[in-house]
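# Architecture at a glance
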Amino acid sequence: MGGGGKAEKARRSSARVRLWVARASTVLLWTCVVHLAAYRELWAPSVLTRWPGCLTKPHGVQLRSEAVATADGGQREAARSMALQPKRIYKNNGYLMVSCNGGLNQMRAAICDMVTIARYLNVTLIVPELDKASFWADPSDFQDIFDVDYFIASLRDEVRILRLLPPRLKRRAEMGFLHSMPPISWSDISYYHHQILPLIRKYKVLHLNRTDARLANNGLPVEIQKLRCRVNYNALRFTPEIENLGRRLVQALHRNGPFVVLHLRYEMDMLAFSGCTHGCSKMEAEELTKMRYAYPWWKEKVIDSDAKRKDGLCPLTPEETALVLQALGIERSYQIYIAAGEIYGGQRRMAALTSAYPNVVRKETLLPSDLSLFQNHSSQMAALDYMVSLESDIFIPTYDGNMAKVVEGHRRYLGFKKTVLLDRRLIVELVDQYRNGTLSWADFSSSVKASHTSRMGEPSTRQAIPDKPKEEEYFYANPHECLHQPDDLSALWYPQYNTPHGRPFRIQNHSTLRQGWQGLYFRVHWQ
């Protein structure tokens, strides 16, 4: 009996140990599962997001889990393609949703601002929603234009970005429990700390709409300005499809030598919006006026076109643009790439330009069969023009819209590539004098050249106008806090292109031409 009692005690002790080990193992296993579930949106293995059971919710949520698994795979692929910084760890104050408005470059700047705001408020940003209801009516989502996985992964050391709200908060938003508002324009970061952050903490999720021009140009800490640049020039990469086709466009242009990108803002919507009808027939002027009245959010209705033109507030006409290019010394043999939509008046209005420059091209003429997937997607088409504009030997916008400004700043960032910023007020005065015979061609040309010697995108400090943010220089046109100021600005050297001569070339900077205007204003020197 004594021996039997000892054996029974040993068996009971062994059973208790096994039960303790089983319980401890169960607790450890569920702890791991809970942690995996908490982080699965970025890092969970696909088996956990697809396997039916406790991590899969009913009523179609499994489909979302599979979509998340696919997105996670894309993020891991993006992670493998770059040297990732460690994730920034911070206490999350809530979630920020944003809806961007306007065209591609207006939305691009807004995205940069909203990422920066999210980072300095310590909140989680949901991938921005793009405008589908404006004049352009483009159905493209963020991932149709930008590489969303690269965008998320490349900024992980600054801010946490998710494709979608977590399920519980997403359901609340879909039921209408979402606080939405437009932020105040041109606000500094203190506005977001004192006015916006308390709302995020209160509602957990805040939706900001109309996000263009909501962060100030000036008066911000340098680290904020540099983060805006990092998002713009690094994180916002176009999709592989857009990138590949953009590179093919550039290669096709380089095969035929130097080319100028002309951002010719003479489209119907721009003329209707601005009220500029110079050179239009009476019937065309009436058509443009009707269009302006058809859009209630275009506030200005009664516009004096002649007065506006004389103030330099109208885009140059194709005829005026042809005279300016010739006056600047752009060679007739140069390719002129038109980065714009359909020109109002068609071939009739383009006749003066195509007569002066027979090598006028567009993306539709260079690669006509490859653009079918991009038709009726104005933002994706604009992305192609953006890529070509960055790579051009000279970029000339005829109006200072959002694309002109953002491309100008990006070309500064790439090494102060030549960008001719036309003085429209002076140009229309000179054009009128030349046409009425009071100014000779020689005087007209020399005046145009002389007036633009310091308007070519050279290094400069951004102009700030206290209390008048709309009138001061736009941050994205001249982000001088982010730019490397070169020591020698006498010449800008460009990469070797597949030119007819097969040799690299440089375009001489304006500062070396101030002694005289012999030959080309944009002299191309072949090695």
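Residues numbered from 1 in each chain as written. Predicted model: local features only at pLDDT ≥ 70, side-chain atom pairs only at ≥ 80, totals over all residues. Heavy atoms only, no water.

### Some details on empty space enclosed by the protein
As enumerated under the stated definition, the model contains two cavities of 30 Å³ or more in all. Reported here for the largest cavity is a volume of approximately 70 Å³. Considering the residues around the largest cavity, the lining is formed by Tyr266, Leu271, Cys276, Thr277, His278, Arg309, Cys314, Pro315, Leu316, Thr317, Glu320 and Val428. (1 Å grid on protein atoms, 1.4 Å probe; cavity = no way out; pocket = protein on both sides within 12 Å on 5 of 7 lines; lining within 4 Å. Points joined across faces, edges and corners; volume = space filled by probe spheres on them.)

### Some words on the packing of helix α4 (residues 104–121) against helix α8 (residues 189–203)
For the pair α4 and α8, the least separation of the axes is 10 Å and the interaxial angle reads 70°. Relative to α8, the element α4 lies roughly perpendicular. On α8, the residues touching Met114, Ile117, Tyr120 and Leu121 of α4 are Ile189, Tyr192, His193, Ile196, Leu197 and Ile200. (Axes fitted to C-alpha atoms, helices over the stretch in contact; angles between N-to-C directions. Helix = DSSP H or I, 4+ residues; strand = E, 2+ residues; numbered from the N terminus. Parallel < 35°, antiparallel > 145°, perpendicular 65-115°, else oblique. Contact = heavy atoms within 4.5 Å.)

### Comments concerning the sheet that holds strand β5 (residues 205–209)
Spatially, β3-β2-β1-β5-β4 is the arrangement adopted by the five strands of the open sheet, whose pairing is parallel. At either margin of the open sheet sits one strand with a lone partner, and together these are β3 (161–162) and β4 (179–181). Sheet topology note: the strand β1 (residues 95–99)/β5 ladder contains five bridges and is parallel. Looking at the pairing, Val98 lines up with Leu208 of β5. Along the sheet, α8 contacts β1, β4 and β5; its crossing angle with β5, the most-contacted strand, is approximately 130°. (Pairing = 2+ DSSP bridges.)

### Digging into the packing of aromatic side chains
Inspection of the entire model under this criterion finds 14 aromatic pairs. Seen from their ring centres, Phe273 and Trp298 are 5.5 Å apart, and the 75° between their planes marks the pair as edge-to-face. With Phe273 in helix α11 (residues 268–274) and Trp298 in the loop between α12 (282–294) and α13 (305–310), this residue pair connects regions lying 25 residues apart in the sequence. Taking the relative accessible area as the measure of exposure, Phe273 reaches 43% and is therefore partly exposed. These aromatic residues form a ring-pair network of at least three members: Phe142, Phe146, Phe151, Phe238 and Tyr386. Stacked on the ring of Phe475, the Lys or Arg Arg228 has its end atom at 4.3 Å from the ring centre. (Phe/Tyr/Trp six-rings, centres within 6.5 Å; stacked < 30°, edge-to-face > 60°. Buried < 20%, exposed > 50% of the residue type's maximum accessible area, 1.4 Å probe, protein only. Lys NZ or Arg CZ within 6 Å of the ring centre and 35° of its normal.)

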